[in-house]
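Next come the chains, spelled out residue by residue.
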Amino acid sequence: MTNISNEEFKICPKFSKTFSILGRKWNGLIIEVLLKEGPQRFKDIALKVSKCSDRVLVERLKELENENIVKKIAFDSCHNMYQLTERGKDLKIVMEAIHLWADKWCNADNAKS
């Protein structure tokens, strides 16, 4: 294995940006719900990501909208739905890889948090 000095090692800015999005608490779960369930109303996402407060869920959905991962669409005159954009749908392979890793390395007894 080649040793790389601290001056030579740099984390890729694109990789760092990706983790700044996916690493935010609740974002991965929101994306997972939309991947598995398709377009959802706010209240349905809130029920499925139950430990996330409504205030934080609103913030996270706005962040994901700003990153062009989620888009808000009019459901009727009073309600909106959220769905993944093409960019968001492209995260499917990433989420599948996370599931594979979790199945291999996470113990079901301590997985609930």
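See the structure shown above.
Residues numbered from 1 in each chain as written. Predicted model: local features only at pLDDT ≥ 70, side-chain atom pairs only at ≥ 80, totals over all residues. Heavy atoms only, no water.

Draft legend 1. Structural detail: the side chain of R60. Here R60 shows up in helix α4 (residues 54–66). Setting aside residues up to four positions removed in sequence, R60 forms contacts with R24, K25, W26, N27 and I30. (Helix = DSSP H or I, 4+ residues; strand = E, 2+ residues; numbered from the N terminus. Contact = heavy atoms within 4.5 Å.)

Draft legend 2. Looking closely at the packing of aromatic side chains. Counting across every chain of the model gives one aromatic pair. Ring plane angle 45 degrees and centroid distance 4.9 Å describe the contact between F15 and F19, whose orientation is recorded as tilted. In this pair, F15 and F19 are both assigned in helix α1 (residues 13–22), four residues apart and thus about one turn of the helix distant. (Phe/Tyr/Trp six-rings, centres within 6.5 Å; stacked < 30°, edge-to-face > 60°.)

Draft legend 3. Structural context of the sheet that holds strand β2 (residues 70–74). Read from one edge of the open sheet, three strands run β1-β3-β2, paired in antiparallel fashion. Among the strands making up the open sheet, the edge pair consists of β1 (40–41) and β2. With two bridges joining them, β1 and strand β3 (residues 80–84) adopt antiparallel strand pairing. Considered in β3, the bridge of R41 is made with M81. Contacting β1, β2 and β3, helix α2 (residues 27–37) crosses the sheet at an angle of about 90 degrees to β3. Lying on the sheet, α4 is in contact with β2 and β3; it crosses β2 at an angle near 105 degrees. (Pairing = 2+ DSSP bridges. Axes fitted to C-alpha atoms, helices over the stretch in contact; angles between N-to-C directions.)

Draft legend 4. Representation of unusual backbone geometry in the model. Even without glycine at this site, W26 takes up a positive phi of about 85 degrees. The residue W26 is located in the loop between α1 and α2 in this model. Take W26: its relative accessible area is 17%, and that puts it in the buried class. For N68, which is not a glycine, the phi torsion comes out positive at approximately 60 degrees. Within the element layout of this structure, N68 appears in the loop between α4 and β2. (Buried < 20%, exposed > 50% of the residue type's maximum accessible area, 1.4 Å probe, protein only.)

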